[in-house]
Amino acid sequence: MSHDDFPTDRPAVVTCGLPYANGDLHIGHLRTYVGGDVYSRALERLGQETAFVSGSDMHGTPVAVNAEQEGVSPEEFALDWHERYAETFPKFNVDFDNYGHTHDETNTEITQQLVRDLDEAGHLYEKEIMVAYDPVDDQYLPDRYVEGTCPYCGAHARGDECDEGCQRHLEPGEVEDPESTITGNPAEYRERTHKFFAVSEFADYLSDFLDRLEGTSNARNQPREWIEQGLQDWCITRDMDWGIDLPGENPQDLVLYVWVDAPIEYISSTKQYSERVGADAFDWEAAWKEGVSEEHPEGGEIVHVIGRDIIQHHTIFWPAMLEATDHAEPRGVMASGFVTLGGKGFSTSRDRAVWADEYLDEGFHPDPLRYYLATNGGFQQDVDFSWEKFAERVNTELVGTVGNFLYRSLLFAHRNYEDGPDADAPSDEVAARIDEAVEEFAAAVNDYSVRALGDAVTDLARYGNEYIQRNEPWKLVDEEPAEAERVIYDCVALAKAIAVLFEPLAPEKSERLWAQLGEPGTVHEATVEAAREGPAGDLSEPTELFEQVEDERVEDLNEKLEARVAESEDGDGDESDDDGGETDESAADENDDDTDDTDMTDIEPLSDDRISFDDFQELDIRVGRIEAAEGIEGADDLVKLTVDLGAETRTIVAGLKQLHDVSDLPDTKVIVLANMEKAELFGVESNGMVLAAGEEADLLTTYEDAGPGTKVK
């Protein structure tokens, strides 16, 4: 991989975490897959050679348990869900170049070979460990059959992860007070021989890798704590029947842990794509293996698009496996936040979710949802879905801004210029504005920001609305026809640029716009250079691209959702939300929001204690601008900030290191409690407090241009 700006001359692979073949998809899941598709398409618009791949994760204990409950084999059960996913993704214009699954022959062969390579290189060893055993039911219990107490933070935990507490990966035998999730019986630990991958040997490499890693800051910052605490070696085998067999001597009939073969599917799926199109079209080995390409021996550009609950797997275990077997390391990891619904976590067992098929059954087009999921907040932030917010974004931005400009411009052009307005090139002003939008688009790709990709388009359309309103071609058409034609030519040129730049977010609508413009070929093959070219085609009569979502429709959708949730809860009683329909056991379920109401959105009640206006006036809250930021030696979380408060510059210590990329903090506007008592932290005097929201330390800032020192009233 390189760290040159995209596009590069290396093959790129964009992957999405594998959906776990165990339940229906909802829009929370779609956030990552849409994000990956948007990013892959954007790379291609820049001219980057790109393969976009994923696949279904077929293995793991929930599949085995649910298959048994339905009276079918795990393979039959998982294949059924795999086929449903393969049918669902294209309905949302998520266009994988290859979509495989982890149980196919390709992934089995590559997984077993990679494990052999790890073994031959001396990175695997055997160890006697304590494995949970149900003495009543007479069976060993793989990790997801066990629940108990996290030994690190004391929270309730699954056998493989402290999912309700510190989020730490747990090895077999670590959970305290184990119980069988199958029978509810207390479990006991018994010795078994298992294979381990010596991840701890790669601590220095992984620390350097995180320094190089691009993508979202949470993917870089979150794993550092685990490295600092000391990496534990990784048990890569399990006591169960369903999975890929451990290669070589295997007297205990162990299978490989699902997290071994799941990310390897990224390689397998890329290989299957190459085999289908030919190595001349895309060379999977040049992308994934070191030393294959003489020109680029370190491999291609690998970008993983995942959910934040599987950051550890993609930034610790997976790169260690790749490094140990001479594969290319990931260039970037984009880790998304969760999606909530009306301020509450999705709950599949209570049917409190907007299901993927349900969205389409309601008659909505997929592209507005793609736009909403991609642009509603930063990719790593949690975002809340409500039908009201969805309607507002569609009506304001897609209908009112983008759609309004396109329809009014193209309708005027079609009615007044049968073969399209004629000019040699866009005006200097419009050409410069299109160039600016293309530069914003490229910057968004290199910043790994799908939201900024959408902003580049809506800002360009907003400019178009201002441009046509300022020039009023409907007044010029009789008095100054040549000038009117030039203005409308500019507007059509802007429309063409929008078609190209909007393709990643709204591919189907952009193709329809491309056809209305009479442009040759397909917008899916156009690069950003086409955005700079003037329009060339004969215009057809335009139709409006986006439909208004009426208030009555929103009310109807809310009533349906509330009735469905109420009906489900009446049937459930007070049972916990643990239906096993979707899990995050594998790379699959990066967006599993299947939690109870308090899991992700445990909002504290508003305080009944009130303060007077005079008390509030005593708070000196100011706008500040961070001038410099550096970590404090010996402190895991603390950052020393130099903050310009207008009248003076102060040093403030803030707990931001694990939650923000320190190098990104300078030039950030923040809100500061300036009359906070001074405090000394790790030898640094802190003179003020930077305000932030929530556990993710979402920094408070200003909407417009209030300068440093401005008082908050």
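Basis of the calculations
- Residues numbered from 1 in each chain as written.
- Predicted model: local features only at pLDDT ≥ 70, side-chain atom pairs only at ≥ 80, totals over all residues.
- Heavy atoms only, no water.
- UniProt positions renumbered as here; feature names shortened; annotations may be inferred.
- Patch = residues over 30% accessible without salt bridge, like charges linked within 9 Å, V, L, I, M, F, W, Y side chains within 5 Å.
- Areas by Shrake-Rupley, 256 points an atom, 1.4 Å probe, with all protein chains shown as cover.
- Salt bridge = Lys/Arg side-chain N within 4 Å of Asp/Glu carboxyl O.
- Lys, Arg positive; Asp, Glu negative; His and termini not counted.
- Charge placed at Lys NZ, Arg CZ, Asp CG, Glu CD.
- Helix = DSSP H or I, 4+ residues; strand = E, 2+ residues; numbered from the N terminus.
- Pairing = 2+ DSSP bridges.
- Contact = heavy atoms within 4.5 Å.
- Axes fitted to C-alpha atoms, helices over the stretch in contact; angles between N-to-C directions.
- Phe/Tyr/Trp six-rings, centres within 6.5 Å; stacked < 30°, edge-to-face > 60°.
- Buried < 20%, exposed > 50% of the residue type's maximum accessible area, 1.4 Å probe, protein only.
- Expected span 1.5 Å × (residues − 1).
- Core = buried A, V, L, I, M, F, W, Y, C linked by side-chain atoms within 4.5 Å.
- Domains from an automatic or database assignment.
- Buried area = accessible area lost by both parts, 1.4 Å probe.
- Polar contact = N/O pair within 3.5 Å; in protein donor to acceptor, adjacent residues only side chain to side chain.
- Nonpolar A, V, L, I, M, F, W, Y, C, P; charged D, E, K, R; others polar.

Looking at an unreviewed UniProt entry, one finds the protein chain named Methionine--tRNA ligase and attributed to Halorubrum distributum JCM 10247. Looking at the protein chain in UniProt, the text filed under Subunit (unreviewed entry) is "Homodimer." Its UniProt record, at the heading Catalytic activity (unreviewed entry), says of the protein chain: "tRNA(Met) + L-methionine + ATP = L-methionyl-tRNA(Met) + AMP + diphosphate".

## Section: a negative patch on the surface
Together, E388, E550, D551, E552, E555, E559 and E562 make up a region of like negative charge exposed at the surface. Broken down by element, the residue count for the negative patch peaks at five residues, all from helix 19 (residues 551-572). By the element assignment, E562 lies in helix 19.

## Thoughts on the sheet that holds strand 3 (residues 98-101)
Strands belonging to one sheet form pairs held by backbone hydrogen bonds; the direction of such a pair is parallel or antiparallel. Read across the sheet, six strands follow the order 3-2-1-14-15-10 without closing on themselves; strand pairing throughout is parallel. With one partner strand each, in any of the chains shown, strand 3 and strand 10 (214-215) form the two edges of the open sheet. Judged from the five bridges that link them, strand 14 (residues 301-307) and strand 15 (residues 332-336) form a sheet pairing that is parallel. Bridge pairing in strand 15 links V305 to M334. Across the sheet, helix 7 (residues 258-277) touches strand 1 (12-16), strand 2 (50-56), strand 3 and strand 14, and the angle it forms with strand 3 is around 130°.

## Describing the sheet that holds strand 11 (residues 234-235)
Reading across the sheet, the four strands line up as 5-4-9-11 and stay open at both edges, with antiparallel pairing between neighbours. Whereas interior strands pair on both sides, the edge strands pair on one side only; in this sheet they are strand 5 (139-140) and strand 11. Here two bridges tie strand 9 (residues 188-197) to strand 11, and the two strands are oriented antiparallel to one another. If you follow F197 over to strand 11, its bridge partner there is W234. Most of the contacts of helix 9 (residues 311-324) go to strand 9, to which it runs at about 45°, and overall it touches strand 9 and strand 11.

## Examining the packing of aromatic side chains
In the structure shown here, the tally under the stated rule is 30 aromatic pairs. When the ring of W234 is compared with that of F317, the centres are 4.3 Å apart and the planes differ by 5°; the resulting orientation is stacked. One end of the pair, W234, is in strand 11; the other, F317, is in helix 9, and 83 residues separate them in sequence. Given a relative accessible area of 0%, W234 falls into the buried group.

## A word on helix 4 (residues 105-120)
Taking 1.5 Å of rise per residue, 16 residues should cover 22 Å, and helix 4 covers 22 Å from first to last C-alpha, within 8% of that figure. Residues of helix 4 that are buried include every one of T106, N107, I110, T111, Q112, L114, V115 and L118, and no others. Where helix 4 is buried, its residues touch strand 3, strand 4 (124-134), strand 9, strand 13 (255-256), helix 7 and helix 9. Within two residues after helix 4, G122 carries a phi angle of roughly 85°, on the positive side.

## Quick look at unusual backbone geometry
Going from F6 to P7, the amide bond is cis rather than trans, its omega being 5°. With a phi close to 60°, D326 is a non-glycine residue in the positive phi region. Along the chain, D326 turns up in the loop between helix 9 and strand 15. If you check the backbone angles, D667 has positive phi at about 80° while not being a glycine. The topology assignment puts D667 in the loop between strand 21 (649-654) and strand 22 (669-673).

## Focus on the nonpolar core
Counting residues in hydrophobic clusters, the biggest one holds 119 residues, and the most contacted among them are F385, I498 and F502. A per-element tally of this core places helix 16 (residues 481-502) first, with 14 residues. Beyond its immediate chain neighbours, meaning those up to four positions away, F385 contacts I27, V339, T340, L341, G342, V354, L369, Y372 and F390. Among the nonpolar cores identified, the runner-up in size contains 52 residues, and Y205, V260, W318 and A335 belong to it.

## Some thoughts on the domain arrangement of the protein chain
Split into domains, the protein chain comes out as domain 1 (12-99 + 263-356), domain 2 (115-256), domain 3 (357-396 + 548-570), domain 4 (400-532) and domain 5 (613-711). For domain 1 and domain 2, the distance between their C-alpha centres works out to 22 Å. With both chains or domains summed, domain 1 and domain 2 bury close to 2,800 Å², and 70% of this area falls on carbon and sulfur atoms. The largest contributions to the domain 1 side of the interface with domain 2 come from T61, I316 and F317, which together make up 20% of the buried area. There are eight residue pairs in polar contact (both at pLDDT 80 or more) connecting domain 1 and domain 2. Counting only elements with at least two residues in the side of domain 1 that touches domain 2, the list comes to helix 2 (61-70), helix 3 (74-91), helix 9 and strand 15. Residues belonging to the side of domain 1 that touches domain 2 are distributed by class as follows: 17 nonpolar, eight polar and six charged.

## Here's the deal with helix 2
For helix 2, the complete set of buried residues consists of T61, P62, V63, A64, N66 and A67. Of the surrounding secondary structure, the elements contacted by the buried residues of helix 2 are helix 3. Directly after helix 2, the chain includes G71, whose backbone phi takes a positive value near 75°.

## With respect to the pattern of salt bridges
Applying the stated criterion across every chain yields a total of 41 salt bridges. Between E298 and R10 there is a salt bridge, with its nearest N and O atoms 3.0 Å apart. Of this pair, E298 sits in the loop between helix 8 (284-288) and strand 14 while R10 sits in the segment before strand 1, and the two are 288 residues apart along the sequence. Its relative accessible area of 32% is what places E298 among the partly exposed residues. By relative accessible area, R10 is classed as buried at 9%. R212 serves as the salt-bridge partner of E329, at 2.9 Å between the closest nitrogen and oxygen. Here E329 is found in the loop between helix 9 and strand 15, whereas its partner R212 is found in helix 5 (residues 203-212), with 117 residues between them in sequence. Assessed through its relative accessible area of 11%, E329 is described here as buried. Looking at R212, the relative accessible area reads 30%, which means it is partly exposed.

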